[in-house]
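Each chain, written out:
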Amino acid sequence: MLKEGTNQGFTRTLTLLPLVILGLAYMAPMTVFSTFGVAAQTTHGAVPAAYVMALAAMLFTAYSYGRMVKVYPSAGSAYTYTQKTISPHLGFIVGWSVLMDYLFLPMINFLLAGAFLAAAFPVVPAWGWTLLFIVAITGVNVFGIRLAAKVNTFLILFQFLVTIIFVSLAIRGLENGMGMGTLFSALPFYNPDVSYSLVLAGASILCLSFLGFDAVTTLAEETVEPKKNVPKAIFLIAFIGGLLFTVVSYITQLVYPDFNSFKVVDSAAFEIAEYIGGSLFASLFLAGMITACVASGLSSHASAARLLFAMGRENVLPSRVFGYIHPRFRTPLNNVLLIGVFSLSALVMDLVTAASFVNFGALVAFTFVNVSVIFHYYIRERRRSFGGFVLYLLLPLIGAGFNMWLWSNLDKHSLMLGSIWVAVGIVYLLFLTRGFRQQPPELHFDEVEERTERQNEHIS
């Protein structure tokens, strides 16, 4: 029997504040700059409004995550909640959709690294930098990667420092007449000349910034009073992160309102950094962005490879290929190389499309987290008092509606290809379950996330 305060060998030491800090670090403070250019052009200069809309959807979803983690404190994925509360077969399809996130997240980091380095060193084209990053990150993950916590803490603190300097320089620029020349304007939030549908389309892109707010659910076994602290942490991480993204994008929009003048839209934030702080700060900003891309690229690449390994080990995918571990490096070699090859599509794909693919899977998952609350509490446990109606039906319905609304405004090509991906998953599920006559195999998202987070000490 395990001693009190431990669970499967883990000591319960994390309280609310460390959980929130870890969750914010996982989201990455400089994420706000990654998609600023494409979001600014999509929304015609209403990026803060799009962030507010995305935040609203995420807060309702964070509430639902908090409700579900009380039921399954050691599990953290939408796949698990759907599988256990609605249907194993539907859960598999949700998990199959989430698989898109794992496959496309490394690609986004490679695209960003290529775009920002090409903006700083145009002698090498963006595709050259992107290819270099793909080869380097894949190579590191072939040999295995275990970064020290102190190094990763430094990386996160460095990103926060760069963000603070960026905002400070932008405010000073506004005071000196740059951009709109004022710290107060309603235009970034409400502009009668900007269609509401454009803001909604921008919000569907910006959901990418919030990925990871639920990651602390994998730390439930190391948290003091997890049923109390983990739900609070999830909500606070989403709220604080969304507030940070909104404020930073608001200041950025004020100091550089001309969203049509970017030389390269994918690296627009670098142009703004050079505009407000000169070449010296632009170099510091570039270092911060590359730091974020490297750290996130390593982690997301490793996560994707380990997920494919878990699927191979359970014969969800052919075990001979996907369940292979290199005898010397002790890494899932075939999967690491496969993710590297798949990431080569970044050479012909733009950031908006890649982000839309990730958001397709994420919004499907977030929708079913909300629906799981309804199935577990309102339908299965029959909590149908007035309070139960509000907490377990109305609020999660609003959350699901928000996510579906954002999902419907994704890029049309991503919707089409994402739907094809889901259709392939359904056909594959038919094969695995002999026409739904058998239970589908389980996908171990929680195990993958937990192992990767501990291995990389919560890099983002």
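Here is a short report on the structure shown in this document.

Cut-offs and rules
- Residues numbered from 1 in each chain as written.
- Predicted model: local features only at pLDDT ≥ 70, side-chain atom pairs only at ≥ 80, totals over all residues.
- Heavy atoms only, no water.
- Phe/Tyr/Trp six-rings, centres within 6.5 Å; stacked < 30°, edge-to-face > 60°.
- Buried < 20%, exposed > 50% of the residue type's maximum accessible area, 1.4 Å probe, protein only.
- Lys NZ or Arg CZ within 6 Å of the ring centre and 35° of its normal.
- Helix = DSSP H or I, 4+ residues; strand = E, 2+ residues; numbered from the N terminus.
- Axes fitted to C-alpha atoms, helices over the stretch in contact; angles between N-to-C directions.
- Left-handed = near helix turned anticlockwise from the far one by under 90°.
- Contact = heavy atoms within 4.5 Å.
- Nonpolar A, V, L, I, M, F, W, Y, C, P; charged D, E, K, R; others polar.
- Core = buried A, V, L, I, M, F, W, Y, C linked by side-chain atoms within 4.5 Å.
- Salt bridge = Lys/Arg side-chain N within 4 Å of Asp/Glu carboxyl O.
- Parallel < 35°, antiparallel > 145°, perpendicular 65-115°, else oblique.

Here the focus is the packing of aromatic side chains. For the coordinates displayed, the defined rule picks out 29 aromatic pairs. With centroids separated by 6.2 Å and ring planes inclined at 25°, the aromatic side chains of Y72 and Y81 adopt a geometry described as stacked. Look at Y81 and you get buried, because its relative accessible area is 0%. Ring pairs connect the aromatic residues F33, F116, F166, F281 and F285, which therefore count as one cluster. Geometry around Y378 places R384 over its ring, the cationic atom sitting 5.4 Å from the centre.

Within the chain, H44 stands out as a residue other than glycine whose phi angle is a positive 55°. Along the chain, H44 falls in the loop between α3 (36-43) and α4 (47-71).

Take the packing of helix α5 (residues 78-85) against helix α14 (residues 351-380) next. Contact geometry for α5 and α14: axes closest at 9 Å, N-to-C directions at 35°. Read as a crossing pair, α5 and α14 show a hand that is left-handed. Facing α5, whose interface residues are A78, Y81, T82, K84 and T85, α14 presents A365, F368, V369, S372, F375, H376 and R380. Classifying every residue of the contact of α5 with α14 by side-chain character gives six nonpolar, four polar and two charged.

Membership of the largest hydrophobic core comes to 135 residues, with the highest contact counts inside it found for F33, F210, F213 and F285. If we ignore the near neighbours within four places in the chain, the residues touching F210 are M27, Y51, A54, L55, M58, A238, G242 and F245.

This part takes up the pattern of salt bridges. Any two side chains of opposite charge can pair, so long as their charged atoms come close to each other. Across all of its chains, the model carries one salt bridge by this definition. Between E381 and R383 there is a salt bridge, and its shortest N-O distance comes to 3.0 Å.

Buried residues dominate helix α9 (residues 196-206), accounting for eight of its eleven residues. Where α9 is concerned, the buried positions are V199, L200, A201, G202, A203, S204, I205 and L206. The elements touched by buried residues of α9 are α3, α4, α14 and α15 (386-408).

Let us now look at the packing of helix α1 (residues 16-27) against helix α10 (residues 226-255). Two elements in contact, α1 and α10, have axes whose closest approach is 9 Å; the angle formed by their N-to-C orientations is 45°. For the element pair α1 / α10, the angle class is oblique. Like other packed secondary-structure pairs, α1 and α10 cross with a definite hand, here right-handed. The residues of α10 that touch α1, namely those facing L16, L19, V20, G23, L24 and M27, are N229, V230, K232, A233, L236, I237, I240, G241 and F245. Residue composition of the contact of α1 with α10, by class: eleven nonpolar, three polar and one charged.

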